[in-house]
Structure formats: C-alpha cells, structure tokens
Amino acid sequence: MNRLKILIIGLIIMNLFSFCSNRKKDISEAPWKDYSSIFKHIKNNIDSTGKLSDNGDKLPDDSRRFKEGELKWVSGGMDGAFGHHGGSNQKTINKVAKLTKKISTNGKLEDKIELYNLLIEDNLMDFIDPTLEKIVNLNVHSEPHLHNWAKWLAFESPDRGAVKFGIALLGLIRDKEDLNKLLILGKHEEFTLFVAVAITNTFEKPETYLWELAKHVDGWGKISLVERLSETENPEIKKWMIYEGYKNNIMYEYLAYICATTGDLKTELSKNTNDTELIKSSGELIEALINGGPAEDISVYTDAGSVVKLYLGQTIGKVYTLDQFLILNTIKSYLSDKDTGWTKLSDNGWTDDLRANLLIDIDKELSLPIWMDLVNEKKNTNDNVEFWQVDRAASILNIDMWEIHWQRLINNPTESGLWFNVMKNANDERIDQIIELAMTKIDLERISTGAEDNMGLGEEYQLHSCLDFIIQDLDKFSGKGNKLILTALKSPVVRNRNMAIKALNAWDRTYINDEIKESIIVAEKVEPNEDTKRNLNKLINGQPID
C-alpha cells in the first residue's frame, strides 16, 4: 500500500513538472512589460529644428543596458565602430532565424518572449547579416504575423536591441508605409545605421530620404548615412557634402575623403568666388585629409596638389584666424615631411617645385607678427573650443601659457581637463604649488573609499578624473604628492590605482617611505583587478613593471 502511494505521488509530481515546463507563457512573463516605448521617447524629444534634443539621447533602457561605472558607448558607437562582422555565433543565428520563422507562422507569445530575451542582449552586429540571410532562405512570410511583430518591436518595444531587430525586419518586408516612423527612429544615432539599411532595402532610390536624415544627425549615424551617399550624382547633395556633409562629432577624418571626392572640392575651389564658407570648409577638409586615420586620406586623394594650391591661393594674405594658423601649420608639416614617398604621389599632383613654392609662401605667411598678436588677444577667452585653438597656437609659437592655465584651474578646480593642462606645464619649480592646490581643492576622502574594479565613468567620478591627471605625471617628480598617491591606492577607480603604481615604480626607492610601503602591502591584499594586483606584487618585491 505504501509503495502504491509513493508511486502515485511520484506520478503526480512528474505530471506537475511536465505541466509547468510545457504550459503556455502569459503576458505577465513578458520581459517588455511595464516599460515605456523607445520610439515614443524619441518622438517626444524631437526639437523644433527636427533634431533629437539632448534629453532624448538617453534612452529609457539605459539603466537596464548599462551598469553603474561600466563603459558606455556613445550612441551608435559600438555598431558604428565595429561595423557588420556577422557570423561569429552560428547557434544564435540559427536560433533567431528559426524563432522568427515560427512567429511568422503562428505568432505565439512564448516564441516572441524567447526571441525577445535574445535580442535584449543588444549584440546584433554579431549575427544580424547572416541571420537576415537565413530568414530569407527559410522563405519566411511577413503575413499574417511577422509584419505586425516587426512593427511592434520597432515602434513599441522598450529595449534597443529589440528595436534594432524590428527595424532590420522591416527592411526585409519593405513596406513603404513604415517610412515616416523609421525616419523618427533614425534621428537617434543608436538606430540610424539600421534605419539607413532598411530604407536602402525598401526604396529603389533612397538618396533623398538618406540625405534628409543625414541633416538631422551628427555622430556615428551621420557617418553611416554619408558613406551611403558617396555615389550620388545629385548636385545639391554633392554641394552639401563640401559645406556640411563631412562635419560630425566623432572625427572629421571619417568623411573628409568621401566628401572631398564626391563633392568635387577641386571644382568648387576653382570657381574662386571668395566664398568664406567654402574656404572654411575646404581648410577643415584638407586638415582632416592630412591628419588621416580611420578612412582614406590625402595619400590617395588624386586632387591633393591642386586643392592645396587653390586653397592657399585664396587664403594667404587674406585670412587671419586661429583656424587658418593651425591649418597652415598642418599643411607645412605635411609638405616638409621627407619620409613621405613624394615620387609615388606624383599622380596626386605633387611635384618638387610645387611643394617648394608652397612652403616658401607658407613660411612667409607664418612669420608675420599678427599670429602672436592673435594668440595674446584671445588667450583669456571663455570659449573652450577657441581656448583649445589658442593653446595649440601658443605651443607652436612658444608662448608660455602657464599663468593662464593656472588661473583657469584656480577658478574651477574640479574640472579635470584643467588639471591635465596644468600638469602638462609642470616642472620642479611649479609642482609643489600644484600639489598644494590639489590637497586644498580636491576632496580626497570622497575618493579613497576602497578598491573596486570600476572604470570610473560618469559625472560622479569627476574628482577621480582630477586626481588621475595629477597622478599620471607624478612619475617625473620623485617624492612629491605622497598623500595623493596614498589616496589613489584606495580609489575605487582602477586607473587611479594603476597611475599610482606607475608613479611609485618610477620613483627613486629612497623616496618610498614606510607609510607608502605599508599601504602598498594592504592595497595588494584587497585589490580586485588581477593585472593591478600583479603589479602591486611586483612593486612590493622590487620587480620591474612593464
């Protein structure tokens, strides 16, 4: 009898588990419940100019997507920087494609929840392209369920990964009626790339829509849009490329070549119309092309020699601004570089005579006293961008800016960038007063709260950043700033501790007193970061640190 009871109870439990595992999920279990729509957030934060307001940049899922102190990419940065490099996770590709197929067939909530939980990881760039290709190969139909689900993901869901996938699906479905809503989403840089691809897939001639969207974004989104306009023959877009297209808040270097070539900068400058806006844009494009970096640069620009000659012909003796001074110096540095293979660059319009003549003109222009007068006139500016230009120009002209930097720091001692400028000008005569100011104006107790594996990002770590810019240069000043070093060793920010180790490693050992030695031992015992702990151990044992 007892054995029979046990058997019955066992069967009941097994059936109960089976029921629990196979039962249909209800809406209360949906991961999107009780959260607000990202689309509505963006729509409600479009300003009178048609651009996203500053308040709109922070998405409703920020607190779920990023942990406190964690590296947070600028909007669109992760997708823009890494680009499409799909195929790294075949299991995810297969899973997402099969779930999409199932949803298109039956529209079941449990399949939607399972797919959504994959999408909120926001790692679409790992699998999006091959996944979409697989969805096409599976002969997935948009009706009766998938189109509505795609629109819900794009325009109703509260998580950025889901929104991106919804946009991608709409690009496959190609319903032109979705355009206006897609353009709204595209005004947030996090989604511009996905919207650009969807519009390109949907319309036979997408240029006008891409251009219009490009006028309303400034970061990674604009970069992705301008890249897609590189083959345009539209004269209005080509002119816009020269005047506005290259401008973005990431790096002008990303778009300088595309805009100079697509917009035909040489032809525009050849018109010699004394257009001040064209002159300003041309200077910025030339400077970005010379700086080079992440995209094609002046080394592959076949109009380089002609464009530089035309630019100098229209500015030397006519334009006297800080911008012009810096651009002239950039051009001079480029033309004077003996390591450049100038013979190979003859196809770009360069000859030895042209370079020599241009350098003569530039040197004559840069020797004028007006540039020094301009720096002295502007050195007390309150405009941070202009002051950055002043500081660069002063460095070239060997004008001492110490007193200016020092006064700016005294007026605002919790702005970290000002500590960087002061430490850049530190020497044996100045270091004591710098440290004294730091001890007085920086609340060290708020920093020395204990070691954590924290990157120290965000406004709440402004004081930690101030300390960072001081500590990173104390390796040049043995025995100076002991209290700052001890504070850095107890900071939750890993970089603070690493900079303290760097300084102590460089110091003459006679300056490392017993208090510092004891603090290093204590710090090593509680250090949560493996690399930092290893370096602390080397410091204790007098071993070299890489």
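Just so it is clear, the model here is predicted, and its values are computed rather than measured.

Caption draft 1: Inspection of unusual backbone geometry at higher detail. For the bond running from Glu143 to Pro144, omega is 10°, close enough to zero to count as cis. The residue Pro144 is located in the loop between helix 8 (128-137) and helix 9 (146-155) in this model. Of note in this structure, Asn139 is not a glycine but carries a positive phi near 60°. Of note, Asn139 is situated in the loop between helix 8 and helix 9.

Caption draft 2: Molecular detail of the packing of helix 30 (residues 514-526) against helix 31 (residues 530-540). Two elements in contact, helix 30 and helix 31, have axes whose closest approach is 9 Å; the angle formed by their N-to-C orientations is 150°. Taken together, the axes of helix 30 and helix 31 lie roughly antiparallel to each other. The crossing of helix 30 and helix 31 is left-handed. Residues Ile520, Ile521, Ala523, Glu524 and Lys525 of helix 30 form the contact with helix 31, whose own contacting residues are Lys533, Leu536, Asn537, Leu539 and Ile540.

Caption draft 3: Representation of the pattern of salt bridges. Per the stated rule, a full pass over the model turns up 26 salt bridges. The residue Glu156 makes a salt bridge to Lys40 at a minimum N-O spacing of 3.8 Å. Taken together, the positions of Glu156 in the loop between helix 9 and helix 10 (160-173) and Lys40 in helix 2 (residues 38-43) put the pair 116 residues apart, joining distant regions of the chain. For Lys40, a relative accessible area of 45% translates into the label partly exposed.

Caption draft 4: Region of the structure containing the side chain of Lys187. Within the element layout of this structure, Lys187 appears in the loop between helix 11 (179-186) and helix 12 (189-202). Buried Lys187, no salt bridge; nearest opposite-charge side chain is Glu212, N-O distance 6.4 Å. Within the structure, Lys187 has its side chain in polar contact with the backbone oxygen of Gly50 (distance 2.9 Å). Among residues more than four places away in sequence, those in contact with Lys187 are Ile46, Gly50, Leu52, Leu213, His216 and Val217.

Caption draft 5: Local environment of the packing of helix 20 (residues 322-336) against helix 23 (residues 384-397). It is the contact of helix 20 with helix 23, at a shortest axis distance of 10 Å, that shows an interaxial angle of 45°. By the angle class used here, helix 20 and helix 23 are oblique. Between helix 20 and helix 23 lies a crossing of left-handed hand. In this structure, helix 20 uses Leu322, Asp323, Phe325, Leu326 and Asn329 to contact helix 23, whose residues at the interface are Glu386, Gln389, Val390, Arg392, Ala393, Ile396 and Leu397. For the contact of helix 20 with helix 23, a count of residues per class yields seven nonpolar, two polar and three charged.

What counts and how
Residues numbered from 1 in each chain as written. Predicted model: local features only at pLDDT ≥ 70, side-chain atom pairs only at ≥ 80, totals over all residues. Heavy atoms only, no water. Helix = DSSP H or I, 4+ residues; strand = E, 2+ residues; numbered from the N terminus. Axes fitted to C-alpha atoms, helices over the stretch in contact; angles between N-to-C directions. Parallel < 35°, antiparallel > 145°, perpendicular 65-115°, else oblique. Left-handed = near helix turned anticlockwise from the far one by under 90°. Contact = heavy atoms within 4.5 Å. Salt bridge = Lys/Arg side-chain N within 4 Å of Asp/Glu carboxyl O. Buried < 20%, exposed > 50% of the residue type's maximum accessible area, 1.4 Å probe, protein only. Lys, Arg positive; Asp, Glu negative; His and termini not counted. Polar contact = N/O pair within 3.5 Å; in protein donor to acceptor, adjacent residues only side chain to side chain. Nonpolar A, V, L, I, M, F, W, Y, C, P; charged D, E, K, R; others polar.

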